[in-house]
Amino acid sequence: VTGSGNVTQAFSYLNGTVNNLGSFGIGTDAYAINNSGTIVGSSTYANNITHAFVYNGSELTDIDVADEKNSVAESINDQGQVVGDVYGTDLVQTAFIYQNGALTMLNSLLPPNSDGNPYNIGGNILINNAGEIVCTDGTGVFLLTPIVPTPNVVPMMSGLLVGMTLIRSEEH
């Protein structure tokens, strides 16, 4: 739904009923919905900082990234894992995953690249129901595959994402 000026307001529509998702102040954009009806996107505060959100059908939850940075949630799978980007005034995007109420920057889960430098993945990010994430870093496309710990080794971490393997698709 479009408001005055450049303000937008996201909504859901189910069984003939329109439901306004609300906002953190100015407006809301929705980007993805899973099979449970959970919606993700971004909402702008009055100070023009945009934060990623998760909407569970009744409540808009801020995925707070702190440091006065902007964020957007771009994709959600049926397990409720959310991926998106954080960016500052330099507009450099850094990818995150939000699951079980915790925010993790994806770069922190990756080994250094072949030059020994850290990756800076972000932008155009999607997650499927297997937890596989497709994203870019400005030079190529990446497939991140979750590493699930062995239950006998780390029983408290079973089912949580604790690392990622990286496959890079070379551009020709």
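Here the structure is a predicted model, which is why all the values come from computation and not from measurement. (Residues numbered from 1 in each chain as written. Predicted model: local features only at pLDDT ≥ 70, side-chain atom pairs only at ≥ 80, totals over all residues. Heavy atoms only, no water.)

What about the side chain of Ser 42?
Along the chain, Ser 42 falls in strand S4 (residues 39–44). A relative accessible area of 5% means that Ser 42 is categorised as buried. Excluding anything up to four places from it in sequence, Ser 42 contacts Gly 27, Thr 28, Asp 29, Tyr 31, Thr 50, His 51, Ala 52, Phe 53, Ser 71 and Val 72. (Helix = DSSP H or I, 4+ residues; strand = E, 2+ residues; numbered from the N terminus. Buried < 20%, exposed > 50% of the residue type's maximum accessible area, 1.4 Å probe, protein only. Contact = heavy atoms within 4.5 Å.)

Observations regarding the sheet that holds S4
Spatial ordering of the open sheet is given by S3-S4-S5-S6, a layout of four strands whose pairing is antiparallel. In this open sheet, the two strands that pair with only one neighbour each are strand S3 (27–33) and strand S6 (60–63). Averaged over all adjacent pairs, the angle separating strand axes in this sheet is 30°, with direction ignored. Note that S3 and S4 share six bridges and pair antiparallel. Bridge assignment links Ala 32 to a residue of S4, and that residue is Val 40. (Pairing = 2+ DSSP bridges. Axes fitted to C-alpha atoms, helices over the stretch in contact; angles between N-to-C directions.)

Some words on the pairing of strand S2 (residues 17–20)
For strand S1 (residues 11–14) and S2, the ladder comprises four bridges, and the chain directions are antiparallel. Bridge pairing links Leu 14 to Thr 17 in S2.

Some remarks on unusual backbone geometry
Leaving glycine aside, a negative phi is the common case for residues, and trans is the common case for peptide bonds. Not every positive phi belongs to a glycine, and Asn 100 is a case in point at roughly 55°. Within the fold, Asn 100 resides in the loop between strand S9 (93–99) and strand S10 (102–105). Phi angles above zero are rare outside glycine, and Asn 124 is one such case at about 50°. Tracing the chain through its elements places Asn 124 in the loop between S10 and strand S11 (126–127).

In short, the description is geometric, and any link to function would need to be established separately.
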